[in-house]
Amino acid sequence: MNTLLWSCQVILALAFAYSGICKTFYSREKLMAEGQTGVAALSDVAIRLTGIAELLGVIGIILPWWLGILPILTPMTALCFGVIMVLAARVHYQRKEVKNVRNNIILLFICLFVVYGRMA
């Protein structure tokens, strides 16, 4: 079970690292071209802050549990990632982007599994 949870944490870290790097450094136009269409209605500042928050989350999903320092931060980070996925799925649903909604739901279930597994 621990190996499966670590695998899920790494998947979340990779997904949110990619998203966070893109949102932190790419222009809105490049983000839209890359498929991150949920940023269309956000200000540039909101996009950058979201990217930075996702990058901080990457640290929070791995390091606390790995180092044993405040390990509660790992499931809390997974829960926060899950909230982001619910909000993102709503935006993509409104834009009729079925593939993105599917990806958001898959990531949401991974987040919930990590929350449950690390809180148990």
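Each remark here, short or long, concerns the structure printed above.
Now for a quick tour of the structure. Predicted model, so just to flag it, every value in this text is computed and none were measured. (Residues numbered from 1 in each chain as written. Predicted model: local features only at pLDDT ≥ 70, side-chain atom pairs only at ≥ 80, totals over all residues. Heavy atoms only, no water.)

Per the secondary structure count, the protein chain includes 5 helices and 0 strands. Rg of the C-alpha trace for the protein chain: 14 Å, near the compact-globule value of 14 Å for 120 residues, within the 12% margin. Seen along its three principal axes, the alpha-carbon backbone of the protein chain occupies a region of about 40 × 25 × 15 Å. The burial tally for the protein chain puts 39% of its 120 residues in the buried class. Sequence-distant contacts in the protein chain: of pairs separated by 6 or more residues, those separated by 24 or more amount to 62%. Summed over its atoms, the accessible surface of the protein chain is roughly 7200 Å², and 73% of this surface lies on carbon and sulfur atoms. Charge-centre separation for the protein chain: the mean point of 10 positive side chains lies 7 Å from the mean point of 5 negative side chains. (Helix = DSSP H or I, 4+ residues; strand = E, 2+ residues; numbered from the N terminus. Rg over C-alpha atoms; globule rule 2.2 N^0.38 Å. Buried < 20%, exposed > 50% of the residue type's maximum accessible area, 1.4 Å probe, protein only. Contact = heavy atoms within 4.5 Å. Areas by Shrake-Rupley, 256 points an atom, 1.4 Å probe, with all protein chains shown as cover. Lys, Arg positive; Asp, Glu negative; His and termini not counted. Charge placed at Lys NZ, Arg CZ, Asp CG, Glu CD.)

Let us look at the environment of L5. Note that L5 resides in helix α1 (residues 2-25). Overall, the relative accessible area of 2% leaves L5 in the buried class. The sequence separation of L5 and R118 amounts to 113 residues, and the corresponding C-alpha distance is 7.8 Å.

This part covers helix α4 (residues 73-94). For α4, which comprises 22 residues, the first-to-last C-alpha distance of 32 Å matches the rise-based estimate of 32 Å (1.5 Å per residue) to within 8%. By the burial criterion, the buried members of α4 are T74, P75, T77, A78, F81, G82, M85, A88, A89 and H92. When α4 is viewed along its axis, its buried side chains cluster within an angular range of 145° and face the same direction. Every exposed residue of α4 that faces more than 90 degrees away from the buried side is listed here: L87, R90 and Q94. Packed against the buried residues of α4 are α1, α3 (44-67) and α5 (98-119). (Expected span 1.5 Å × (residues − 1). Arc of directions from axis to C-beta.)

Right, let's get into the nonpolar core. With 18 residues, the main nonpolar core has L12, F16, I61, F81, M85 and V114 as its most contacted residues. Elements represented by at least two residues in this core include exactly α1, α3, α4 and α5. Ranked by the residues each element gives to this core, the list is headed by α5, at 6 residues. Setting aside chain neighbours within four positions, we find V114 in contact with L5, C8, Q9, L12, I61 and A78. (Core = buried A, V, L, I, M, F, W, Y, C linked by side-chain atoms within 4.5 Å.)

Moving on, we get to the packing of α1 against α5. Following both chains from N to C, one finds α1 and α5 inclined at 135°, their axes separated by 10 Å at the closest point. Relative to α5, the element α1 lies oblique. As α1 packs across α5, the resulting crossing turns out to be left-handed. Where α1 approaches α5, its residues N2, L4, L5, W6, C8, Q9, I11, L12 and A15 are matched on the opposing element by L107, I110, C111, F113, V114, G117 and R118. For the contact of α1 with α5, the per-class residue count stands at 12 nonpolar, 3 polar and 1 charged. (Axes fitted to C-alpha atoms, helices over the stretch in contact; angles between N-to-C directions. Parallel < 35°, antiparallel > 145°, perpendicular 65-115°, else oblique. Left-handed = near helix turned anticlockwise from the far one by under 90°. Nonpolar A, V, L, I, M, F, W, Y, C, P; charged D, E, K, R; others polar.)

Attention now moves to the side chain of T37. If you trace the backbone, T37 turns up in the loop between α2 (28-33) and α3. Taking relative accessible area as the criterion, T37 reaches 11% and is therefore assigned buried. Here E97 takes part through its side chain, which lies 2.6 Å from a polar atom of the side chain of T37. In this structure, T37 is in contact with M32, H92, R95, E97 and N100, ignoring residues within four places of it in sequence. (Polar contact = N/O pair within 3.5 Å; in protein donor to acceptor, adjacent residues only side chain to side chain.)

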